[in-house]
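# Observations on the three-dimensional arrangement
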Amino acid sequence: MKPTVILLIVVLAAFGALSGYAMLEVGYFGIFAAGLADAGGLQLLVDLVIACTLAMIWMVDDARHRGRTVWPYLVLTLFAGSFGPLLYLLHREWTRAATPALA
């Protein structure tokens, strides 16, 4: 397995554990409420929206060039943030490793 795939799996697992803990503590909407609680939280929330929007633009462009379906990852990004791009990258690297190179 490629180091990139291993790194993506580790990041996804760690982020998933943190997100699960946050969901247990405050719930899905509580995460957004924390982002709106003060100026610092709002800045982080807006930063996340900007980063995820840029990631979605990149995913659409990358998927077009590779002839892949991207809409499930876009929907996931809208509802679950960074999970969409992380899973897109993992799927992209996983299938790249599984596809033999053309000579």
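Attention here is on the structure that accompanies the text. Please read these numbers as outputs of a predicted model, since none were measured by experiment.

Rules behind the numbers
Residues numbered from 1 in each chain as written. Predicted model: local features only at pLDDT ≥ 70, side-chain atom pairs only at ≥ 80, totals over all residues. Heavy atoms only, no water. Helix = DSSP H or I, 4+ residues; strand = E, 2+ residues; numbered from the N terminus. Salt bridge = Lys/Arg side-chain N within 4 Å of Asp/Glu carboxyl O. Buried < 20%, exposed > 50% of the residue type's maximum accessible area, 1.4 Å probe, protein only. Contact = heavy atoms within 4.5 Å.

## Points about the environment of Ala37
- Locating Ala37 in the fold gives a position in the loop between helix 2 (28-35) and helix 3 (39-66).
- C-alpha of Ala37 to C-alpha of Val75: the two residues are 38 residues apart in sequence and 26 Å apart in space.

## Overview of the pattern of salt bridges
- For the structure on display, the rule yields four salt bridges.
- Measuring nitrogen to oxygen at the nearest pair gives 3.2 Å for the salt bridge that ties Asp62 to Arg92. You can see Asp62 sitting in helix 3 and its partner Arg92 sitting in helix 5 (residues 83-98), a full 30 residues away along the chain. There is no split in this pair, since Asp62 and Arg92 are both buried.
- Where salt bridges share partners, they join Lys2, Glu93 and Arg96 into one cluster.

## Section: the side chain of Arg92
- Residue classification places Arg92 among the buried residues on the basis of a relative accessible area of 12%.
- Leaving out residues up to four positions away in the same chain, Arg92 has contacts with Trp58, Asp62, Arg66 and Arg68.

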